[in-house]
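# Observations on chain architecture
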Amino acid sequence: MKIKSLIVVGSGPGGSVAALEGAARGLSVTLIERDEVGGTCLNRGCIPSKFLLSKSRQLVEALALSDAGIVVRLETIDPRQMINRKNELLGTLRQRIDQSLKAAGVRRMKGHARFVTDHRMEVIASGGTTETIEGDAIILATGSSPNTPTLFPKHPAIVNSSTIFELEYIPKHLVVVGGGYIGCELACAFQGLGSKVTIIEKEPRLLPTQPEFEMAGMLLGRSFEKRGMSIWTGTTVESVKSVDDKRIELSFSNRERLEANAVLIAVGRSPNLQDLQVSRAGIDLENGRLRINEYLQTSVPHIYAIGDLVSPVPLAHTASWEADAALSTLLGKPTPINYSLIPRCVYTWPQAAAVGLTETEAKNAGYHPRLDRYHFAGNSKALIENESEGVWISISDAQSHKLLGGQIVGPQATELIHLVALAIKAGLSARDVSDTVFAHPTLSESFREVVNRSLITSKAIANS
């Protein structure tokens, strides 16, 4: 059947791209969103957290100018003004998405969507009115929501990664439960703004669920402690007790007790699946989750699922990439995704980023991987910027020198990682990078430095 009409459920970075690209490819597109356009990423996730991190980092850098004889004094921090500025920024970005959707001819519907059949959905507006629509194909992009263990009661000072951005005060002591990338980023942000921060993580290291960040988790842990944070790994929360509206008492498995002025729960997210009533469409579930194939199709081939709802790499840019791949498939050009080529980024300081294969993955793929390291302490630009903490790791094949992966902990890691991503995508070798001229002084010349190590070592072995 030729696809002429498309229903997209969810307007985050996956859904909005699916709607815009679908319209650009000649489809009649209806986009359903029950909240604000932009999804979690824009409204309660990526953008608010990076805004907070940016302001916090700018403050830390300004105060550090005293090392160069420039003394800046902090007079006051107005959290309400920060919230207002953040909301202005989000409003501007939402407006731009709205304008793009309107210009593309995408029909917008606001309300809660659920299946009637495999081609039909009903949209329930906030006032209770219901409208039924039909589409040749459907893309589900409903995202995910923060997990909240039942141990934690409702309390104005107990927040999650969606609600923390509305705190109207800087906590004197913030306890972060969960040492994943969300917990680490927000711990950095609030510590930079003056909070005492304690991170509680049940696993032995920070960033525990991501094998590519094993090294990063250990380095970040040391860096955080050096800056005054307390990192309690191998620890769980055993009890939570309210003292008053801005004080919570917690006890832990290590027999310690703390009083916090705010508690951030950052223990993962769950897909927004329960309200879709997918059984009406005949969609199969596996262990309570949507089962998809390599082309992002559910068990009903004309129904696709993308983004945090199903993705093994639940990031905003992953969802956008999946949206494009799903559209290509439903229009007759099946396009699988190579998830190893998607950069994974942590916006702490130092930042952390990874792309490509890990050493173990490279071995499993039949390569003979070698790891080369270059420390930012040897980079002139990093020293100038007073950000010399961290390391760049390059993973290449020992025989062909083909670049397979990279991991960076250090200044601007989330920007520099795209050099590695592009090199891997283009099939470049260490020699190709080494033969490229990099400006000096720059952080990016560290890429040439690290890959040169594999070439120099190989040449030395050949001449021995």
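Summarised in this report is the structure supplied together with it. Residue numbers run consecutively from 1 along every chain, following the written order of its sequence. Reporting in this predicted model follows two pLDDT cut-offs: at least 70 for local features of residues, and 80 or more for side-chain atom pairs to be given and counted; totals over whole chains, interfaces and linings ignore these cut-offs and use all residues. Note: side-chain values were computed over all heavy atoms of the structure, leaving out hydrogens and water.

### Let's talk about the pairing of strand β2 (residues 28–33)
Where we set the bar: When a residue's accessible area, from a 1.4 Å probe over protein chains only, is under 20% of the maximum for its type it is buried; when over 50% it is exposed; and in between it is partly exposed. Helix and strand assignments follow DSSP, with helices taken as H or I runs no shorter than four residues and strands as E runs no shorter than two, numbered in order from the N terminus. Between any two strands, at least two bridges found by DSSP are needed for them to pair. Orient the strands so they point away from the viewer; a crossover is then right-handed if the path from the first strand over the helix to the second runs clockwise.
β2 sits mainly inside the fold: 5 of its 6 residues count as buried. Two strands pair when backbone bridges link them, and strand β1 (residues 5–9) and β2 are joined in this way by 5 bridges, in the parallel orientation. Each bridged residue has a counterpart across the sheet, and for Ile7 the counterpart in β2 is Thr30. The β-α-β motif built from β1, the intervening helix α1 (residues 15–24) and the parallel element β2 has right-handed crossover chirality. Two strands pair when backbone bridges link them, and β2 and strand β3 (residues 107–110) are joined in this way by 4 bridges, in the parallel orientation. Of the residues in β3, the one forming a bridge with Leu31 is Arg108.

### Here's the deal with the pattern of salt bridges
Applied cut-off: The salt bridge criterion pairs a side-chain nitrogen of Lys or Arg with a carboxyl oxygen of Asp or Glu, the two atoms within 4 Å.
Throughout the structure, instances matching the rule amount to 23 salt bridges. The shortest N-O distance in the salt bridge between Arg57 and Glu61 comes to 3.3 Å. Taken together, the residues span about one helical turn, with Arg57 and Glu61 both in helix α3 (residues 46–64) at a distance of 4 residues. Arg431 serves as the salt-bridge partner of Asp435, at 3.7 Å between the closest nitrogen and oxygen. You can call Asp435 exposed: its relative accessible area is 56%. Judged by its relative accessible area of 44%, Arg431 is partly exposed. Residues participating in the shared-partner salt-bridge network are Glu21, Arg25 and Asp324.

### Description of the packing of α3 against helix α4 (residues 79–104)
Put simply, the test is: The convention used is that axes are lines fitted to C-alpha atoms, helices contributing only their stretch in contact, and that angles between N-to-C directions extend from 0 to 180 degrees. When describing relative orientation, an angle under 35 degrees is termed roughly parallel and one over 145 degrees roughly antiparallel, while 65 to 115 degrees is termed roughly perpendicular and anything else oblique. Note: crossing handedness is left-handed where the near helix turns anticlockwise from the far helix by less than a right angle, and right-handed where it turns clockwise. Note on contacts: a residue pair is in contact if any heavy atoms of the two residues lie within 4.5 Å. Residues are sorted three ways: Asp, Glu, Lys and Arg are charged, Ala, Val, Leu, Ile, Met, Phe, Trp, Tyr, Cys and Pro are nonpolar, and all the rest, Gly among them, are polar.
With their axes 10 Å apart at the nearest point, α3 and α4 run at an angle of 135° to one another. Classed by the angle they form, the pair α3 and α4 counts as oblique. Handedness of the α3/α4 crossing: right-handed. Contact residues: Ile47, Pro48, Phe51, Leu52 and Lys55 in α3; Met82, Arg85, Lys86, Leu89, Leu90 and Leu93 in α4. For the contact of α3 with α4, the per-class residue count stands at 8 nonpolar, no polar and 3 charged.

### Here's the deal with the side chain of His173
Here is the rule: Polar contacts, as counted here, are pairs of nitrogen or oxygen atoms within 3.5 Å of one another; within protein the pair requires one atom able to donate a hydrogen and one able to accept it, and residues that are adjacent in sequence qualify only if both atoms are side-chain atoms.
When you line up the elements, His173 lands in strand β10 (residues 173–177). Using a relative accessible area of 6% as the deciding quantity, one classes His173 as buried. In terms of polar contacts, His173 uses its side chain to reach the backbone carbonyl oxygen of Glu259, at 3.0 Å. Ignoring anything within four residues of it in the chain, the contact list for His173 reads Lys196, Val197, Thr198, Leu258, Glu259, Ala260, Asn261 and Ala262.

### Thoughts on empty space enclosed by the protein
Put simply, the rule is: Definitions used for this entry: grid spacing 1 Å over protein atoms alone; cavity, a set of points where a 1.4 Å probe fits but cannot get out; pocket, an open set with protein on both sides within 12 Å along at least 5 of 7 lines; lining residue, one with an atom within 4 Å of a point. Grid points are joined across faces, edges and corners, and a volume is the space filled by probe spheres set on the points.
Here the structure, examined in full by the defined rule, presents 1 cavity of 30 Å³ or more. Volume-wise, the largest cavity comes out at about 140 Å³. If you trace the largest cavity, you find 14 residues lining it, with Leu52, Met82, Ile83, Phe165 and Leu167 closest to the centre. Looking at the lining of the largest cavity, the elements that each hand over two or more residues are α3 and α4. Broken down by class, the residue content of the lining of the largest cavity amounts to 13 nonpolar, no polar and 1 charged.

### Here we look at the state of the cysteines
Rules: In this description, a disulfide is simply a cysteine sulfur pair whose atoms lie within 2.5 Å.
Enumeration over the complete set of coordinates arrives at 0 disulfides. Sulfur of Cys188: no disulfide; nearest cysteine sulfur belongs to Cys184 and is 7.2 Å away. Cys46 supplies the cysteine sulfur nearest to Cys345, a cysteine that is in no disulfide, at a spacing of 11 Å. According to the relative accessible area criterion, Cys345 is buried, its value standing at 10%.

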